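Working through the structure, step by step
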Amino acid sequence: MLLQVLHIAQAALAVYGGQQSFNATQNLQKYEEPTEKLAKYSSETEKQLKKTRSTQAAGALALVLSLAASVTLAFRGHSYGFLVRTLASPFMTFCLFLARQHVQDYWGGGKRVPLPKMGSYNEAQKSTEDLLQVLEKLMFSWFATSVLCLLAGY
């Protein structure tokens, strides 16, 4: 029962993170067209654009994977074998760690300074910082479910 409650909380946190990811993506898309034009002339701009896209995609993918795993384990976990139930949490911890690290390596985890007259970009930056916090909380929650599975023998 405790494990089921934890998985439901993980699902709720993933949904909240999805909202942050969506907000960041929507705000970044406002700068997509001019950035693509500039990227034709600047390899650095092209590199930054690719990195921005890959980090947002990695965060979103990690959230979707976490949501799917937590909902599945909360409501159908009992129908899977012991090995699947036991390995799912460490696997999710690892996936979230990788995604969070990828996002943090580019966005700096709160180290970026807001840019003047770039309201939507600054909002995207704030949403991405919130996303990093959600990914961290999810990562630690999956670690906690890993420990609980091992100690309780789920």
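Before going further, it helps to examine a nonpolar patch on the surface. Residues Ile8, Val71 and Phe75 make up a contiguous nonpolar surface patch of roughly 260 Å² in combined accessible area. One can find Ile8 in helix α1 (residues 2-29).

Here we come to the environment of Ser66. Structurally, the position occupied by Ser66 is in helix α3 (residues 43-76). Taking the C-alpha atoms as reference, Ser66 lies 8.1 Å from Leu96; in sequence the two are 30 residues apart. Aside from chain neighbours lying at most four places away, what touches Ser66 is Met92, Leu96, Leu138 and Trp142.

The subject of this paragraph is helix α4 (residues 82-107). For α4, spanning 26 residues, the distance from its first C-alpha to its last is 38 Å, which sits close to the expected 38 Å at 1.5 Å a residue. A maximum bend of about 30° is found in α4 at Ala88, where proline Pro90 lies one to four positions downstream. For α4, the full list of buried residues reads Thr86, Ala88, Ser89, Met92, Thr93, Cys95, Leu96, Ala99, Arg100, Val103, Tyr106 and Trp107. Buried residues along α4 sit in contact with α1, α3 and α5 (119-152). Immediately beyond the C-terminal end of α4, within one or two residues, lies Gly108, with a positive phi of roughly 80°.

Moving on, we get to the nonpolar core. Ranked by size, the top nonpolar core spans 15 residues in total, and within it Ala62, Leu63, Met92, Leu96, Leu135, Leu138 and Trp142 carry the most contacts. Counting residues per element, the ones that place at least two in this core are α3, α4 and α5. For this core, the leading source of residues is α5, giving six residues. Not counting the four nearest positions on each side in its chain, Trp142 is found in contact with His7, Gln10, Ser66, Ala69, Ser70, Leu73, Ser89, Met92, Thr93 and Leu96. Ranked by size, the runner-up nonpolar core spans eight residues in total, among them Tyr106, Trp107, Tyr121 and Ala124.

On to the UniProt feature "signal peptide" (unreviewed entry) in the protein chain. Residues annotated by UniProt as "signal peptide" (unreviewed entry) correspond here to residues 1-17. The distance separating the terminal C-alpha atoms of residues 1-17 is 24 Å; by composition the span is 94% helix and 0% strand.

Okay, α1 next. Here α1 spans 40 Å end to end across 28 residues, near enough to the 40 Å set by a 1.5 Å rise per residue. Those residues of α1 that fall on the buried side of the exposure criterion are Leu3, His7, Gln10, Ala11, Ala14, Gly17, Gln20, Ser21, Ala24, Asn27 and Leu28. Those residues of α1 hidden inside the fold are in contact with α2 (32-39), α3, α4 and α5.

Mapping Gln20 onto the fold places it in helix α1. With relative accessibility at 8%, the residue Gln20 sits in the buried group. Apart from residues lying up to four places away in sequence, Gln20 is in contact with Ser127, Asp130 and Leu131.

All told, the structure shown has zero disulfides when counted by the stated rule. Free of any disulfide, Cys95 has its nearest neighbouring cysteine sulfur in Cys149, separated by 16 Å. Residue Cys95 is classed as buried on the basis of its relative accessible area of 19%.

The rules behind these values
Residues numbered from 1 in each chain as written. Predicted model: local features only at pLDDT ≥ 70, side-chain atom pairs only at ≥ 80, totals over all residues. Heavy atoms only, no water. Patch = residues over 30% accessible without salt bridge, like charges linked within 9 Å, V, L, I, M, F, W, Y side chains within 5 Å. Areas by Shrake-Rupley, 256 points an atom, 1.4 Å probe, with all protein chains shown as cover. Salt bridge = Lys/Arg side-chain N within 4 Å of Asp/Glu carboxyl O. Helix = DSSP H or I, 4+ residues; strand = E, 2+ residues; numbered from the N terminus. Contact = heavy atoms within 4.5 Å. Expected span 1.5 Å × (residues − 1). Bend = angle between axes of the 7 residues up to and from the residue. Buried < 20%, exposed > 50% of the residue type's maximum accessible area, 1.4 Å probe, protein only. Core = buried A, V, L, I, M, F, W, Y, C linked by side-chain atoms within 4.5 Å. UniProt positions renumbered as here; feature names shortened; annotations may be inferred. Disulfide = S-S within 2.5 Å.

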